[in-house]
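Listed below are the residues making up each chain.
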Amino acid sequence: MNRNFVHLATCIWLAGLCLTGCHSAQQRAAQRTPQDSLQMLEDHILQVHDSLMGKIDALRQASATMRHLQDSLHLQDTSWTRTIGLLSLADSAMFNWMGQFDIDKDTAQPELRKQYLMQQLQYVERVKDSMYTALDSARLLLKPYTER
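Residue positions are given per chain, counted from 1 along the sequence in the order it is written. Selection of residues for local features in this predicted model requires a pLDDT of at least 70, selection of side-chain atom pairs for listing and counting requires 80 or more, and totals for whole chains, interfaces and linings are taken over all residues. As a convention, hydrogens and water are excluded, and side-chain values are obtained from all of the structure's heavy atoms.

Caption draft 1: Structural view of the overall build of the protein chain. Scanning the protein chain for helices and strands turns up five helices and zero strands. Here a strand is any run of E in DSSP of at least two residues, a helix any run of H or I of at least four, and the numbering for each starts at the N terminus. For the protein chain, the sequential pattern of α-helices and β-strands runs α-α-α-α-α. Three exposure classes are used, based on accessible area relative to the maximum for each residue type with a 1.4 Å probe and protein chains only: buried under 20%, partly exposed in between, and exposed over 50%. Taking all 148 residues of the protein chain together, 26% fall into the buried category. In this description, contact between two residues means that some pair of their heavy atoms is separated by no more than 4.5 Å. The long-range share in the protein chain, meaning contacts at least 24 apart out of those at least 6 apart in sequence, stands at 74%.

Caption draft 2: Structural view of the packing of aromatic side chains. Paired rings are identified among Phe, Tyr and Trp, the last through its six-membered ring, by centres lying within 6.5 Å, and are further divided according to the angle between planes into stacked (under 30 degrees), edge-to-face (over 60) and tilted (the rest). In total, this model carries three aromatic pairs according to the counting rule given. For the pair Trp97 and Phe101, a centre-to-centre distance of 4.9 Å together with 20° between the ring planes defines the contact as stacked. Phe101 matches Trp97 in its accessibility class, with the two residues each being buried. Centre to centre, the rings of Phe101 and Tyr116 are 6.2 Å apart; their planes meet at 10°, and the pair counts as stacked. Of this pair, Phe101 sits in the loop between helix H4 (78–100) and helix H5 (110–146) while Tyr116 sits in helix H5, and the two are 15 residues apart along the sequence. Tyr116 matches Phe101 in its accessibility class, with the two residues each being buried.

Caption draft 3: Representation of H5 in the model. The span one expects for a helix is its residue count, reduced by one, times 1.5 Å. Over its 37 residues, H5 extends 50 Å from the first C-alpha to the last, a length consistent with the 54 Å expected when each residue adds 1.5 Å. Two axes enter the definition of the bend at a residue: one is fitted to the seven residues ending there, the other to the seven starting there, and the bend is the angle between them. The sharpest bend along H5 reaches about 35° and sits at Leu140, with the proline Pro144 one to four residues further on.

Caption draft 4: Local environment of the environment of Gln39. Among the secondary structure elements, Gln39 is positioned in helix H2 (residues 34–53). Taking the C-alpha atoms as reference points, Gln39 and Lys114, 75 residues apart in sequence, are found 9.7 Å from one another.

Caption draft 5: The arrangement of the nonpolar core in detail. Core analysis: the biggest nonpolar cluster contains 29 residues, and Leu52, Leu59, Met66, Trp80, Leu87, Leu117 and Met131 have the highest contact counts within it. Taken together, the elements giving at least two residues each to this core come down to H2, helix H3 (56–72), H4 and H5. Considering each element in turn, this core owes the most residues, 11 residues, to H5. Sequence-distant contacts of Leu59, defined by excluding residues within four places in its chain, comprise Leu87, Ala90, Asp91, Met131, Ala134 and Leu135. What we call a nonpolar core is a set of buried Ala, Val, Leu, Ile, Met, Phe, Trp, Tyr and Cys residues that are connected through their side-chain atoms within 4.5 Å.

Caption draft 6: Structural detail: the side chain of Glu42. The topology assignment puts Glu42 in helix H2. For Glu42, a relative accessible area of 14% corresponds to the buried category. If sequence neighbours within four positions are ignored, Glu42 has contacts with Ile103, Arg113 and Leu117.

Caption draft 7: Molecular detail of H3. With 17 residues, H3 extends 24 Å from end C-alpha to end C-alpha; this agrees with the ideal 24 Å at 1.5 Å per step. For H3, every residue scored as buried is listed here: Ile56, Leu59, Ala62, Ser63, Met66, Leu69 and Gln70. Where H3 is buried, its residues contact H2, H4 and H5. Following H3 by one or two positions, His74 adopts a phi angle in the positive range, close to 55°.

Caption draft 8: Representation of unusual backbone geometry within the structure. In the Ramachandran plot, His74 falls in the positive-phi region, its phi being about 55° despite a non-glycine side chain. Examined against the element boundaries, His74 turns out to sit in the loop between H3 and H4. For Asp106, which is not glycine, the phi dihedral falls at a positive 55°. For Asp106, the location among the structural elements is in the loop between H4 and H5. Among the residues examined, Asp106 registers a relative accessible area of 25% and is labelled partly exposed.

So, in structure tokens, the structure goes:
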């Protein structure tokens, strides 16, 4: 009986924690202002940017390695040429996006700012997809030459 009581008490305590946590999350969500949402969106865009900047060296290294191997081994494989092109396009896309991104655009107009940030998030996500696609293709093609 004592064991059942402890088990029941533990279940009630856990249920109380869950309800308190849900209520707190709802309160926090209700207290968010439109400015908070814009800041979260901006922060997300910058997180994607930062993660991609960490891949630029890998992108350029893969391109240089592929070009070197293609030249030295006289590879005429179209998948190599295509992948080198994808690496170059991904690199260019990243810097084109950064060149046109304006962190302060429409700060006085929240609705326009939200639209702008949503567009920029879509843009940088496409850049991210192209970068990861190019890197994955390069890894597959380079694998036989880099395995030891």
